[in-house]
Amino acid sequence: MPRLLLLLTAAVLLTGCASSPYGVGRFGTVVVDAGHGGIDRGARGQYSTMEKQLALDTAKRVERGLRSRGFRVIMTRGGDYFVPLPQRAAVANRQWNAVFVSVHYNYAPRSAPYGTETYYYNAKSYPLAANIQRELSRFSNSRGVKRARFHVLRNNTKPAALVECGFLTSPNEARKIRSSGYRQRIADAIVRGIANSSR
Ligand SMILES: [Zn+2]
């Protein structure tokens, strides 16, 4: 009996933490959510770059990448205006065959933390978060896939992930993030992670 239990546990661990790409089922629509906007500026870091602007720029790059791969994309905001959190999740909840990906930049009270991390809330969202983070980890310091009760994740009926694309409070990382080439790299990684999840 203990041996069977051990085998079962091992099987669960293997399927739950598989390192090869696996998906959330086929989907044709992606709701891309640029964090913050308008009066909600988000994190503010080095060089007075604001999270809301960087998140929108990166989200638009993700939008273009996904469209070129044939996905239908819905943006929760396309400009610098405030969108309440419940409205953001509701956009995804109205779709039939979709996933939701929220784009953010991070901050910390100290300048030392740097790197990328991707959040999910429920088990069906884990593969989406893991696939995105795997692509980001190829060129950034991966802080891993984490579970959190963020509003846009918790209230989402679709597989949903929130990506923290780097720390604006890290002088080194903020300098990278300021370059459009680096933001494109981030966006390309997110696009690959999303596309790998449609299976
Ligand atoms: Zn944010």
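Worth saying up front: this structure is predicted, and the values here are computed from it rather than measured.

About the criteria used
Sequence order sets the numbering: in each chain, residues are counted from 1 along the sequence as written. Local features are withheld for residues below a pLDDT of 70 in this predicted model, meaning they are given only at 70 or higher, and side-chain atom pairs are given and counted only at 80 or more; totals for whole chains, interfaces and linings count all residues. Going along the chain from the N terminus, every DSSP run of H or I of four or more residues is numbered as a helix, and every run of E of two or more is numbered as a strand. Between the buried cut of 20 or more and the exposed cut of 12 or fewer other C-beta atoms within 10 Å of a residue's own C-beta lies the partly exposed class, and all C-beta atoms are placed from the backbone. Residues are treated as contacting if the C-beta atoms built from their backbones sit within 7 Å of each other. Only strands joined by at least two bridges in the DSSP assignment are considered to pair. Axis angles are defined between N-to-C directions and span 0 to 180 degrees, where every axis is a line fitted to C-alpha atoms and, for a helix, only to the segment in contact. Each nonpolar core comprises buried Ala, Val, Leu, Ile, Met, Phe, Trp, Tyr and Cys residues, the members being joined through C-beta atoms within 7 Å. Every residue is assigned a pLDDT by the predictor, reflecting its confidence on a scale from 0 to 100.

**Student:** Hey, could you go over the overall build of the chain for me, with residue numbers and the actual values?
**Tutor:** Check the secondary structure of the chain and you find 7 helices and 6 strands. Start at the N end of the chain and walk to the C end: the helices and strands fall as α-β-α-β-α-β-β-α-β-α-β-α-α. With 199 residues in all, the chain has 44% of them scored as buried. Look at the contacts in the chain between residues 6 or more apart in sequence, and 80% of them connect residues 24 or more apart.

**Student:** If you had to explain the environment of Pro86 to someone new, which residues and values would you point to?
**Tutor:** Locating Pro86 in the fold gives a position in helix α3 (residues 85-93). Considering only alpha carbons, one finds Pro86 and Val152, 66 residues apart in sequence, at a separation of 7.1 Å.

**Student:** Let's hear about the environment of Arg199: which residues, and what values?
**Tutor:** In this structure, Arg199 sits in the segment after α7 (180-197). Owing to 13 C-beta atoms within 10 Å, Arg199 belongs among the partly exposed residues under this scheme. Considered as a pair, Arg199 and Gly25 are 174 residues apart in the sequence and their alpha carbons are 4.7 Å apart. Ignoring sequence-local partners within four residues, the contact set of Arg199 consists of Gly23 and Arg26.

**Student:** Describe the sheet that holds strand β5 (residues 142-147), and please don't skip the residues or the numbers.
**Tutor:** The mixed open sheet is built from 6 strands, whose spatial order is β2-β1-β3-β6-β4-β5. Single-partner strands in this sheet number two, and they are β2 (72-75) and β5. Averaged over all neighbouring strand pairs, the angle between strand axes comes to 20°, with direction disregarded. Bridging between strand β1 (residues 29-34) and strand β3 (residues 98-106) involves 6 bridges; their strand directions are parallel. The residue of β3 that forms the bridge with Ala34 is Val103. Against the sheet, α3 makes contact with β1, β2, β3 and β6 (160-167), and its axis sits at roughly 170° relative to β1, the strand it touches most. Relative to the sheet, α7 contacts β1, β3 and β6, its axis offset from that of β3 by approximately 155°.

**Student:** An account of the pairing of β1 is requested, with residue identities and associated values reported.
**Tutor:** In terms of burial, β1 is a largely internal element, 5 of the 6 residues being buried. Here β1 pairs with β2 via 4 bridges, running parallel. Residue pairing for β2: Val32 is matched across the bridge by Met75.

**Student:** Mind laying out the nonpolar core, listing which residues take part and the relevant values?
**Tutor:** Ranked by size, the top nonpolar core spans 50 residues in total, and within it Val99, Val101, Ala161 and Ile190 carry the most contacts. Not counting residues up to four positions away in its chain, the partners in contact with Ile190 are Val62, Val101, Ile132 and Val163.

**Student:** Talk me through the confidence of the model for the chain; I want residue IDs and the actual numbers.
**Tutor:** With 88% of its residues at a pLDDT of at least 70, the chain reaches an overall mean of 91. Residue range residues 1-19 is modelled with pLDDT below 50. Its contacts to residues more than four positions away, or to other chains, number 0 contacts.

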